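These are the residues of each chain, in order.
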Amino acid sequence: MKHLKIDRADTLQPEHVHITASGLEPGRAYRFDMKLRHNYGSHASYCILKADKDGNIDMRTEKPLRGTYFEADGMGLFLSMTPCEDFAYGGYLRCTPPIPFFYLLRLSDETGNQLDEMYIKKHWMHPLLTRTEIEHDGFCGTLFKPPGDGPFPCVMDISGTGGGLHEHKGAMLASEGFVVICVAFFQFKDLPYKLEDVEVEYFLKPIEFVLGLPYTTNMLGIQGVSFGATIVDLLATRYPQIKAVVSINGPHAQSSYVMLKEHGKSMIVPELDDSKLFFVNTILATAPCFKTLTPLLTEENSIPWHWIPKETAFRLIGSVDDLCAPSIHANLHIQKKLQETGHYVELELVNGGHIMEPPYFPHHDIVYAKFQGFYCGYGGEITQHAKSQERTWANTINFFKRKLGSPPPMPDWVRLQKVDGPLKPIENRSRL
């Protein structure tokens, strides 16, 4: 009998799974198609693998003859998801609330005859977490709490210029045992519509809220990506409650392009030279513009790194193929400034594009930027970017545990042995 097997059909998003097929004709090639359908459309991947002399295929060890990934990798189909025709060009996959991903895996022979299929469930949010939507003292966000009384170290997670609320990174951090608050700061409910109307002081409210909970420690980390990374760098200069910072692919300074207010006034920032931007097949690349900030930085318009308490630790992540921000240039600049001020700083440079997400979040190389009115290039080759996400995420968890203290271990949940799939079936409308 020809069939697929998986060691664990119900797992957290970063957990590896072991997929095999048996009962096949020795030496024949077989096709594996994986489809992910969600509210924003579909992503898909595939590979062609050859059965061994016993009629078995082990995805951990078999190198694809062709497909969306190229080397033997048990998670290759998850790593190499690409958007289908029903996913909006330039769209961004929002996982808010962080509902599980259901993957449909199908096995076919060389003639296209389907032999078997199964669903695989992956959770962005550990099933034993408590998720609470928060509107308190003028700020909006979502709180994720592990089971138990704690005390738990805590993390605040924010995103960049896309607006709204993004919960998938926070849910994954909380799945490691941290209390996490994901914070929206514009284009959400009654919050400002424009980024330049956001006050720095706004972020103190969620900081004080999460540290005031009866089950958190006084050890607070903060994580931001893109301009959110610039914001968390800035917040570390204002709020000594922050003990650990993860800054991912952000410009090394505010600018006339993206800035916040402080005490009701626009902050003093250098002028961005947008004549350096360029287009690749109508896709906007802005990374060179932000490089022009460096020679213009002064004590008045730069981030005052020397204001940050010495005990605050930094983790910087920079992608070598970032088309949106000059991540290597910016992170080397930040590293130098923090070394000069005597701070702990670790820098991880990786092969990828702009947005470094948790593992197996589909890669976005093009995203429509509302505030720019263009399709913005993020860069990155799909599988290299995805492999970098595996590594950077694991290293970020390790960093927070070292600098904030390891939270109590998360208990396991009653995992499904067989996944029946979502209420709305995943359609197999296209093959790559």
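Every value quoted in this text rests on a predicted model; they were computed, and no experiment measured them. (Residues numbered from 1 in each chain as written. Predicted model: local features only at pLDDT ≥ 70, side-chain atom pairs only at ≥ 80, totals over all residues. Heavy atoms only, no water.)

1. Observations concerning a nonpolar patch on the surface
A cluster of nonpolar residues, Tyr89, Tyr368 and Tyr375, forms a patch on the protein surface that exposes about 320 Å² of accessible area. Taking the relative accessible area as the measure of exposure, Tyr375 reaches 31% and is therefore partly exposed. (Patch = residues over 30% accessible without salt bridge, like charges linked within 9 Å, V, L, I, M, F, W, Y side chains within 5 Å. Areas by Shrake-Rupley, 256 points an atom, 1.4 Å probe, with all protein chains shown as cover. Salt bridge = Lys/Arg side-chain N within 4 Å of Asp/Glu carboxyl O. Buried < 20%, exposed > 50% of the residue type's maximum accessible area, 1.4 Å probe, protein only.)

2. Some points on the UniProt feature "active site" (unreviewed entry) in the chain
Here, the residues flagged by UniProt with the feature "active site" (unreviewed entry) are Ser226, Asp322 and His354. Over a stretch of 129 residues, the named residues converge on one spot in the fold, their C-alpha atoms separated by at most 10.4 Å. Its place among the elements puts Ser226 in the loop between β15 (216-225) and α4 (227-238). The class for Ser226 is buried, based on a relative accessible area of 11%. For Asp322, the position within the fold is in the loop between β21 (313-319) and α6 (327-340). Take Asp322: its relative accessible area is 8%, and that puts it in the buried class. There is a polar contact of 2.5 Å between the side chain of Asp322 and the side chain of Ser327. (UniProt positions renumbered as here; feature names shortened; annotations may be inferred. Helix = DSSP H or I, 4+ residues; strand = E, 2+ residues; numbered from the N terminus. Polar contact = N/O pair within 3.5 Å; in protein donor to acceptor, adjacent residues only side chain to side chain.)

3. Overview of the packing of aromatic side chains
Scanning all chains against the criterion turns up 17 aromatic pairs. Plain terms: the ring middles of Tyr89 and Tyr375 are 5.0 Å apart, the flat faces sit at 55° to each other, and that makes the pair tilted. Here Tyr375 lies in strand β24 (residues 374-377) and Tyr89 lies in the loop between β8 (82-83) and β9 (101-108), a separation of 286 residues in the sequence. Residue class for Tyr89 comes out exposed when judged on its relative accessible area of 51%. Centroid distance Tyr92 to Phe361: 5.8 Å. Interplanar angle 40°. Geometry classified as tilted. Taken together, the residues Tyr92 in the loop between β8 and β9 and Phe361 in the loop between β22 (345-350) and β23 (366-369) connect sequence positions 269 residues apart. For the pair shown, Tyr92 and Phe361 are each scored as buried. Above the plane of the ring of Tyr215 lies Lys145, whose end atom (NZ or CZ) is 5.0 Å from the centre. If you follow Arg415 out to its NZ or CZ, it ends over the ring of Trp413, 4.0 Å from the centre. (Phe/Tyr/Trp six-rings, centres within 6.5 Å; stacked < 30°, edge-to-face > 60°. Lys NZ or Arg CZ within 6 Å of the ring centre and 35° of its normal.)

4. Describing the pairing of β15
For β15, a buried count of 7 out of 10 residues is recorded, marking the element as mostly surrounded by other parts of the structure. Sheet topology note: the strand β13 (residues 152-158)/β15 ladder contains 6 bridges and is parallel. Bridge pairing in β15 links Cys154 to Leu220. As paired elements, β15 and strand β16 (residues 242-248) share 6 bridges and run parallel to each other. By the bridge assignment for β16, Gly224 is matched with Ser247. (Pairing = 2+ DSSP bridges.)

5. Considering the environment of Arg106
Considering the arrangement of structural elements, one finds Arg106 in strand β9. For the pair formed by Arg106 and His363, sequence separation is 257 residues and the distance between their alpha carbons is 22 Å. Separated by 3.1 Å, the side chains of Arg106 and Gln114 make a polar contact.

6. Some words on the sheet that holds β16
Across the sheet, 8 strands lie side by side as β11-β12-β14-β13-β15-β16-β21-β22; this open sheet has mixed pairing. Every interior strand has two partners, whereas the edge strands, β11 (130-136) and β22, have only one. Recorded for the sheet is a direction-independent mean angle of 20° between the axes of neighbouring strands. Lying over the sheet, α4 contacts β13, β15, β16 and β21, oriented at roughly 155° with respect to β16. Docked against the sheet, α6 engages β16, β21 and β22, running at close to 160° with respect to β21. (Axes fitted to C-alpha atoms, helices over the stretch in contact; angles between N-to-C directions. Contact = heavy atoms within 4.5 Å.)

7. Considerations on the state of the cysteines
In protein structure, a disulfide is the covalent linkage between the sulfur atoms of two cysteines. Counted by the stated rule, this structure contains 0 disulfides. Unpaired in terms of disulfides, Cys289 finds its nearest cysteine sulfur in Cys324, a separation of 9.9 Å. Cys289 gets classed as buried once you look at its relative accessible area, which sits at 1%. Its sulfur unpaired, Cys324 is 3.9 Å from the next cysteine sulfur, which belongs to Cys376. (Disulfide = S-S within 2.5 Å.)

8. Overview of the sheet that holds strand β6 (residues 57-58)
Reading across the sheet, the 3 strands line up as β1-β3-β6 and stay open at both edges, with antiparallel pairing between neighbours. The sheet is open, and its two borders are formed by β1 (3-6) and β6, each paired with just one other strand. In the sheet, β1 pairs with strand β3 (residues 19-22) via 4 bridges, with the strands oriented antiparallel. Bridge pairing in β3 places Lys5 opposite Thr20.

9. What to know about the nonpolar core
Ranked by size, the top nonpolar core spans 126 residues in total, and within it Phe32, Phe203 and Leu260 carry the most contacts. Two domains each provide a minimum of three residues to this core, namely domain 1 (4-123) and domain 2 (130-404). Leaving out residues up to four positions away in the same chain, Leu260 has contacts with Leu195, Val198, Val200, Phe203, Phe227, Ile231, Leu234, Gln254, Ser266 and Met267. (Core = buried A, V, L, I, M, F, W, Y, C linked by side-chain atoms within 4.5 Å. Domains from an automatic or database assignment.)

10. Some points on helix α3 (residues 204-211)
If you check which residues of α3 are buried, you get Pro206, Ile207, Phe209 and Val210. Buried residues along α3 cover an arc of 165° about the axis, so they all sit on one side. Buried positions along α3 lie against β11, β12 (139-145), β13, β14 (179-184), β15 and β16. (Arc of directions from axis to C-beta.)

11. Quick notes on the side chain of His252
Within the secondary structure, His252 sits in the loop between β16 and β17 (261-262). Of the polar contacts made by the side chain of His252, one reaches the side chain of Thr294; its length is 2.8 Å. For His252, the residues in contact, after removing those within four places along its chain, are Phe290, Leu293, Thr294, Leu297, Ile303, Trp305, His329, Ala330, His333 and Ile334.

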